[in-house]
Protein chains: 2
Amino acid sequence: MKASPRPYHHGNLREALLEAAARALETGGVGSLTLRELSRELGVSHTSPRRHFADKQALLDALAVRGFERLDAVMARAAKDRGEDFNARLTRLARAYVGFALKHPAWFGLMFEAKHRADAPPVLLDASDGAFAHPPAVFAQGQAAGEVVVGDPARLSLGAMAAVHGLLSISTNGQFKGIPLDRLVAEIIERLVWGLRPRE
Amino acid sequence: MKASPRPYHHGNLREALLEAAARALETGGVGSLTLRELSRELGVSHTSPRRHFADKQALLDALAVRGFERLDAVMARAAKDRGEDFNARLTRLARAYVGFALKHPAWFGLMFEAKHRADAPPVLLDASDGAFAHPPAVFAQGQAAGEVVVGDPARLSLGAMAAVHGLLSISTNGQFKGIPLDRLVAEIIERLVWGLRPRE
DNA sequence: GCAGTATGTTTCCTTTGACAACATTGTTTC
DNA sequence: GAAACAATGTTGTCAAAGGAAACATACTGC
């Protein structure tokens, strides 16, 4: 009678796979992520992931959803009203976004790659929408305070978030031509905020 | 004596591989690109690509360089001075950028993915820098004409290009929430240009 | 306690990238 | 102009990966 060297059922393989996948992603990028390696890591046969994910892409999609959920949480915290002016609040939001991207570059890349696939599952798009729902809220409040020009907040915030996201894509290694992203973000946001001021 | 059913040497395999790879990229995305399939297509043994590219990544990098060169050409044409004002010129440049990205989505994606790899070859970074050298030139001219606030043109143009690029990343299928990118680009550029006006 | 289902395993197949040893063609040098 | 040599392509082989089918074990509801 052995002390259960390894139970037949893992218990929570789906979760464990996602966690291990996230770890692998951070360590060696998406290229180093193989179902077989994950299985080995979890001490499970190499076909067991198939019980939880139809194929590798399904796992990656699930991971992308998780990513957007985490990003959503980060954004929600950063978007909280603390009595600052619009510029400060938007800058904090942008910095949170950039911070997440720089902390989890491979994951961040995966999220948008997954989202751009023609057959991206609806849950993924929903998760993405969720994370991107915070900037418009900040803009709406800015409008209410008379700090921002009138117009659809979603449309206005799109430009700002696009600039921040694009900065990430164009930059390399957290900087652009030697200037750290953090500084560039603040600069760009300030210029944007200036352009968004109501023209009396 | 046979009419050379197939010559032993291909003659220009390196070029042919890059062209076939570009075609495969457009058809089925980067996932459908395999060295063996390329070889089959060109009627060549499955190991011959190794004579020209150390490994698959080297071929992808070369393809990315080609992409930046084409983007450079597109940008150069769009950045040409035609006597318009700054807003019109910047809008044309931005539209050219977006046009390229939407026309070759997989290629475009590959270009930036390759560029973001930690061990990206210098040629790649140079090619990228080349394509991104046009916006600063347009900004500099805008400054000379008194249409743009003073400051480092490279730094100022970065914000604009970041916004355009980010718009591409955030959008899906050439639109965002049903609004076509072309319209959003014009909108965002106009707002940016407004914010960039010299404050007298 | 028993039937049915969920979950994990074994075994096998095909494709892929990479490597080594070899064959053919093109080029340079004397 | 022929012999060495370099460049280019081929054959054969391997290990690793994703995926599929058939089977084994554990859990659940009745």
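The model shown is predicted, which means the values in this text are computed figures rather than measured ones.

Overview of the packing of helix 4 (residues 86–103) of chain B against helix 5 (residues 105–116) of chain B
All names here are of chain B.
No. 1: Here helix 4 crosses helix 5 at 105°, and the two axes come no closer than 5 Å. In terms of their interaxial angle, helix 4 and helix 5 are classed as roughly perpendicular. In this structure, helix 4 contributes Tyr97, Phe100, Ala101, Leu102 and Lys103 to the contact, and helix 5 contributes Pro105, Phe108, Met111 and Phe112.
No. 2: By residue class, the composition of the contact of helix 4 with helix 5 is eight nonpolar, no polar and one charged.

Some points on the domain arrangement of chain A
A common way to state how big an interface is: give the accessible area lost once the parts meet.
Residue and element names in this part refer to chain A.
No. 1: According to the domain assignment, chain A contains domain 1 (1–53) and domain 2 (61–196).
No. 2: For domain 1 versus domain 2, the separation of C-alpha centres amounts to 32 Å.
No. 3: In this assembly, 11 residues from domain 1 lie in contact with eight residues from domain 2.
No. 4: When the two sides are added together, the surface that domain 1 and domain 2 hide from each other amounts to roughly 720 Å², 68% of it contributed by carbon and sulfur.
No. 5: On the domain 1 side of the interface with domain 2, the three residues burying the most area are Leu18, Leu25 and Glu26, jointly 61% of the side's total.
No. 6: Summed over the shared surface of domain 1 and domain 2, the result is one salt bridge.
No. 7: The shortest N-O distance in the salt bridge between Glu15 and Arg66 comes to 2.7 Å.
No. 8: Its residues assigned to classes, the side of domain 1 that touches domain 2 comprises seven nonpolar, one polar and three charged.

What to know about the protein's contact with DNA strand D
No. 1: Of all residues adjacent to DNA strand D, which total 24 residues, the nearest are Arg36 and Thr47 of chain A together with Ser45, Arg51 and His52 of chain B.
No. 2: With respect to DNA strand D, the side chain of His46 of chain A contributes an N or O atom lying 3.4 Å from a base oxygen.
No. 3: In terms of residue class, the surface near DNA strand D is made up of five nonpolar, 12 polar and seven charged.

A look at the protein's contact with DNA strand C
No. 1: For DNA strand C, the set of nearby residues contains 24 residues, the closest of which are Ser45, Arg51 and His52 of chain A together with Arg36 and Thr47 of chain B.
No. 2: Within 4 Å of the protein, the contacting atoms of DNA strand C are drawn from sugar and phosphate to the extent of 52%.
No. 3: A distance of 2.5 Å separates a phosphate oxygen of DNA strand C from a polar atom in the side chain of His52 of chain A.
No. 4: His46 of chain B is positioned with one of its side-chain polar atoms (N or O) 3.4 Å from a base nitrogen of DNA strand C.
No. 5: Per element, the largest residue contribution to the surface near DNA strand C is three residues, and it comes from helix 2 (residues 35–41) of chain B.
No. 6: Residue composition of the surface near DNA strand C, grouped by class: five nonpolar, 12 polar and seven charged.

Structural notes on the nonpolar core
As a rule of thumb, nonpolar side chains are buried together in soluble globular proteins.
No. 1: Residues Tyr97 of chain A together with Tyr97 of chain B are the most contacted members of the largest nonpolar core, which totals 131 residues.
No. 2: The residues contacting Tyr97 of chain B, other than those within four sequence positions of it, are Leu71, Met75, Phe108, Phe112, Phe132, Met161, Val164, His165 and Leu168 of chain B.

Things to note about the pattern of salt bridges
Residue and element names in this part refer to chain A.
No. 1: Within this structure, the stated rule accounts for 16 salt bridges over all chains.
No. 2: As a salt-bridge pair, Arg117 and Asp61 come within 3.0 Å of each other at their nearest N and O atoms. Of this pair, Arg117 sits in the loop between helix 5 (105–116) and helix 6 (122–131) while Asp61 sits in helix 3 (residues 56–79), and the two are 56 residues apart along the sequence.
No. 3: For Arg117, a relative accessible area of 23% translates into the label partly exposed.
No. 4: Here Asp61 falls in the buried class, since its relative accessible area comes to 8%.

As for unusual backbone geometry
No. 1: A positive phi angle is found at Lys177 of chain A, which is not glycine, with a value near 50°.
No. 2: Topologically, Lys177 of chain A is positioned in the loop between strand 1 (175–176) and strand 2 (179–180).

What to know about the side chain of His104 of chain A
No. 1: Structurally, the position occupied by His104 of chain A is in the loop between helix 4 (86–103) and helix 5.
No. 2: The residues contacting His104 of chain A, other than those within four sequence positions of it, are Glu26 and Arg70 of chain A.

Remarks on the environment of Glu41 of chain A
Residues and elements named next belong to chain A.
No. 1: With respect to the element layout, Glu41 can be found in helix 2 (residues 35–42).
No. 2: Taking the C-alpha atoms as reference points, Glu41 and Ala20, separated by 21 residues in sequence, lie 7.8 Å from one another.
No. 3: Among all residues touching Glu41, those that are not within four sequence positions of it are Ala20 and Arg23.

Describing the interface of chain B and chain A
No. 1: Of the residues lining the interface, 34 residues belong to chain B; the matching set on chain A comes to 34 residues.
No. 2: Summing both sides of the interface, chain B and chain A together bury roughly 3,000 Å²; the carbon and sulfur share of this comes to 64%.
No. 3: The largest per-residue losses of area from chain B upon contact with chain A belong to Arg155, Ile170 and Arg191 of chain B, which jointly make up 22% of the total buried on that side.
No. 4: Put simply, chain B and chain A have two salt bridges between them.
No. 5: Two residues, Glu187 of chain B and Arg155 of chain A, come together in a salt bridge whose shortest N-O distance is 2.9 Å.
No. 6: At the boundary of chain B and chain A, one finds 10 residue pairs in polar contact (both at pLDDT 80 or more).
No. 7: Listing elements by their share of the side of chain B that touches chain A, those giving two or more residues are helix 5, helix 8 (153–170) and helix 9 (181–196) of chain B.
No. 8: Per-element tally for the side of chain B that touches chain A: the top contributor is helix 8 of chain B, with 13 residues.
No. 9: For the side of chain B that touches chain A, the per-class residue count stands at 18 nonpolar, eight polar and eight charged.

Conventions we followed
- Residues numbered from 1 in each chain as written.
- Chains lettered and ligands numbered in written order.
- Predicted model: local features only at pLDDT ≥ 70, side-chain atom pairs only at ≥ 80, totals over all residues.
- Heavy atoms only, no water.
- Axes fitted to C-alpha atoms, helices over the stretch in contact; angles between N-to-C directions.
- Helix = DSSP H or I, 4+ residues; strand = E, 2+ residues; numbered from the N terminus.
- Parallel < 35°, antiparallel > 145°, perpendicular 65-115°, else oblique.
- Contact = heavy atoms within 4.5 Å.
- Nonpolar A, V, L, I, M, F, W, Y, C, P; charged D, E, K, R; others polar.
- Domains from an automatic or database assignment.
- Buried area = accessible area lost by both parts, 1.4 Å probe.
- Salt bridge = Lys/Arg side-chain N within 4 Å of Asp/Glu carboxyl O.
- Near = heavy atom within 4 Å.
- Polar contact = N/O pair within 3.5 Å; in protein donor to acceptor, adjacent residues only side chain to side chain.
- Core = buried A, V, L, I, M, F, W, Y, C linked by side-chain atoms within 4.5 Å.
- Buried < 20%, exposed > 50% of the residue type's maximum accessible area, 1.4 Å probe, protein only.

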